[in-house]
Amino acid sequence: MKRQEAAKKFSLAEMAREQIARAARVMELPADLLTILNCPKRVLTVSLPIERDDGSISCFTGFRCQYNNMRGPTKGGVRIHPDVTEDEVIALAAWMTWKCALVDLPYGGAKGGIICDPTKLSEKELERLIRRYTTEIMPLLGPHQDIPAPDVFTTSKEMAWMMDTFSMFKGYTEPSVVTGKPEVLGGSPIRKEATGRGVAIVTRQLFEKLGWSLKGARAAIQGFGNVGSFTALFLSEMGVKIVAVSDVYGGYADDRGFKIPELMAYAEKHGSLRGWPGERIERDEILYQDVDLLVPAALENQLHAGNAARIRARAIVEGANGPTTPEADEVLEKRGIHVVPDILANSGGVIVSHLEWVQALSGLLWEREETISRLERRLVRSFDAVWKKAQEKRVSLRTAAYIVALERVVETYRYRGLFP
Ligand code: NAD
């Protein structure tokens, strides 16, 4: 699976820094503070030799970046993908820092990655890889240090192995060291759907502010994994017609609107949408559909200088992390296309992860409805803060989101000072 080649000028870490720089200019943030905020606190590179089922040895490389922990323990997913790079992990850890600050969680940001195509490993090989990775990054991990979660190609299964490995070394069971665990191990009943549910809630808030109706609005969704599929499900429950979907293998269109539970059942059974008996479109044509809403929910760098002029959607709500380059942002803004940035739009996952962590630390359990309502309240509050900031400063929603996040992080430096 080769990533789409984007006409990009920025590396991902540069892209994250550029987004911050734009907000910093509006805030007139002192250059010294920006220097600190642009430095990842720690990046650990580990080698991961594992025994294959045939007795041979393969050695993979993994990373864990703790970007900034001024607001609390660092939080962020672990992704497994053949194209993972250190630069990408640093960018994703930076975005986690700003995301947690934006939605006002007591966390810093982190991210992990393993360079590997997990579809080429057996279940046992994958387990050995995850356990070895957990062991190698153990010095960084802990409920008050750094708390991993699922991301691309990791799920509750991998989180259970990470929690078990950590617990075995400690000699006691420590459920609060990861989130996104299976429910039986203290996972949240809504963690799996949380990011997609959040994307749908944020879309609803945007449409409400713009005076647009969700009923009958047309949407295209790129990526039909965890985020894409649940976004499609909740949007369709709100009355949105999902007229195009795609995954890494291709795209499909249905002008009447897909029945999302059927698509989800198909993807669950076959591992992807490949072979869906419907109208085919080219994979990347998903981005250029004539729709009210486009949700990129696959990977970063999808909307770039080379294709931003071709986007026909009236609004973009970013399910994926980093799908839009700063150059594309400028084009989209000039064209009057509303973009709800990733750090707001896909924050539902970390919001529910926080609830799971609090539950594990306190030993209390919340009902499903209580969790949904806490997610909803935090997202609406965060959306309103970003909307208000955008109006006040006359900036895009992305720059407004960064301003809200930066203000919170900078405030911690004012009180804590610079050590030593
Ligand atoms: P996933 O692995 O479950 O799904 C990814 C989907 O994207 C798959 O359907 C895959 O086939 C598809 N895809 C990959 N390349 C593609 C391409 N070129 N064109 C079209 N489709 C393509 O991953 P996920 O957890 O849904 O994560 C998706 C994005 O959302 C990532 O950027 C991730 O960092 C971000 N994110 C995830 C969460 C979460 O809770 N899972 C939270 C916040 C952000």
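Residues numbered from 1 in each chain as written. Predicted model: local features only at pLDDT ≥ 70, side-chain atom pairs only at ≥ 80, totals over all residues. Heavy atoms only, no water.

Next up on the list: the nonpolar core. If you look at the biggest cluster of nonpolar residues, it comprises 98 residues, and the most contacted ones within it are Trp95 and Trp98. When residues in this core are grouped by element, the largest group, 12 residues, is from helix 3 (residues 86-102). Contact partners of Trp98, with chain neighbours within four places excluded, come to Ile20, Leu37, Tyr67, Ile343, Tyr402, Ala405, Leu406 and Val409. Core analysis: the second largest hydrophobic core is formed by 23 residues, Ile80, Leu129, Val177 and Val178 among them. (Core = buried A, V, L, I, M, F, W, Y, C linked by side-chain atoms within 4.5 Å. Buried < 20%, exposed > 50% of the residue type's maximum accessible area, 1.4 Å probe, protein only. Helix = DSSP H or I, 4+ residues; strand = E, 2+ residues; numbered from the N terminus. Contact = heavy atoms within 4.5 Å.)

Further remarks concern the sheet that holds strand 4 (residues 108-115). Spatially, 5 strands are ordered 1-2-4-3-5 in an open sheet, and the strand pairing comes out mixed. Two strands close off the open sheet at either side, each with one partner strand: strand 1 (42-51) and strand 5 (146-150). Averaged over neighbouring strand pairs, the angle between their axes works out to 25° when direction is ignored. Of the strand pairs in this sheet, strand 1 and strand 2 (residues 57-68) are connected by 10 bridges, and their pairing is antiparallel. (Pairing = 2+ DSSP bridges. Axes fitted to C-alpha atoms, helices over the stretch in contact; angles between N-to-C directions.)

Attention now moves to the pairing of strand 5. Taken across its 5 residues, strand 5 has 5 buried, putting it largely inside the fold. Bridging between strand 3 (residues 74-81) and strand 5 involves 5 bridges; their strand directions are parallel. Of the residues in strand 5, the one forming a bridge with Val78 is Pro150.

Within the open sheet, the 7 strands sit side by side as 9-8-7-6-10-11-12. Their pairing is mixed. Strands with a single pairing partner mark the edges of an open sheet, and in this sheet they are strand 9 (279-281) and strand 12 (338-340). With strand direction ignored, the average angle separating the axes of adjacent strands in the sheet is 20°. For strand 11 (residues 315-317) and strand 12, the ladder comprises 3 bridges, and the chain directions are parallel. For Ala315, the partnering residue across the bridge sits in strand 12 and is His338. On the sheet, helix 6 (residues 191-210) packs against strand 10 (293-296), strand 11 and strand 12 and is oriented at approximately 150° with respect to strand 11. Here helix 7 (residues 226-237) sits on the sheet and contacts strand 6 (218-222), strand 7 (241-247) and strand 10; the angle it forms with strand 6, its principal contact strand, is near 165°.

For the rest of this paragraph, the subject is helix 7. For helix 7, spanning 12 residues, the distance from its first C-alpha to its last is 17 Å, which sits close to the expected 16 Å at 1.5 Å a residue. By the criterion of burial, helix 7 is predominantly enclosed, with 9 of the 12 residues buried. By the burial criterion, the buried members of helix 7 are Val227, Gly228, Ser229, Phe230, Thr231, Ala232, Leu233, Phe234 and Leu235. Where helix 7 is buried, its residues touch helix 6, strand 6, strand 7, helix 8 (260-270) and strand 10. Two residues or fewer after helix 7 comes Gly239, characterised by a positive phi angle close to 105°. (Expected span 1.5 Å × (residues − 1).)

What follows is about the site of the ligand. If you check the shell around the ligand, you find 23 residues, and the closest are Arg79, Thr195, Asn226, Val227 and Asn321. Gly225 places a main-chain nitrogen or oxygen 3.2 Å from an oxygen atom of the ligand. Burial of the ligand by the protein chains amounts to 88% of its free accessible area of 820 Å². Of the residues in the shell around the ligand, the class split is 9 nonpolar, 9 polar and 5 charged. The residue makeup of the shell around the ligand includes at least three contributed by each of domain 1 (40-175) and domain 2 (193-345). (Near = heavy atom within 4 Å. Polar contact = N/O pair within 3.5 Å; in protein donor to acceptor, adjacent residues only side chain to side chain. Areas by Shrake-Rupley, 256 points an atom, 1.4 Å probe, with all protein chains shown as cover. Nonpolar A, V, L, I, M, F, W, Y, C, P; charged D, E, K, R; others polar. Domains from an automatic or database assignment.)

Taken domain by domain, the protein comprises domain 1 (40-175) and domain 2 (193-345). Summarising the inter-unit geometry, the C-alpha centres of domain 1 and domain 2 are found 27 Å apart. Facing the 11 residues of domain 1 at the interface are 7 residues of domain 2. Across the domain 1 to domain 2 interface the summed buried area is about 760 Å²; carbon plus sulfur atoms make up 62%. For the domain 1 face of the interface with domain 2, the top three residues by lost area are Trp95, Lys99 and Leu102, together amounting to 53%. (Buried area = accessible area lost by both parts, 1.4 Å probe.)

Turning to the pairing of strand 2, a few remarks are in order. The buried fraction of strand 2 is high, at 9 of 12 residues. Here 7 bridges tie strand 2 to strand 4, and the two strands are oriented antiparallel to one another. In the strand pairing of strand 4, Gln66 is matched with Ala110.

This paragraph deals with the pattern of salt bridges. Throughout the structure, instances matching the rule amount to 34 salt bridges. Between Arg408 and Asp104 there is a salt bridge; the shortest N-O distance is 3.9 Å. Pair noted here: Arg408 is in helix 13 (residues 397-416) and Asp104 is in the loop between helix 3 and strand 4, with a separation of 304 residues, a long-range link. You can call Arg408 partly exposed: its relative accessible area is 25%. Arg310 is the salt-bridge partner of Glu285, the closest N and O atoms lying 3.7 Å from each other. In this pair, Glu285 sits in the loop between strand 9 and strand 10 while Arg310 sits in the loop between strand 10 and strand 11, placing the two residues 25 residues apart along the sequence. A relative accessible area of 46% places Arg310 in the partly exposed class. One connected set of salt bridges, linked through shared partners, spans Arg79, Glu88, Lys111, Asp151 and Glu300. (Salt bridge = Lys/Arg side-chain N within 4 Å of Asp/Glu carboxyl O.)

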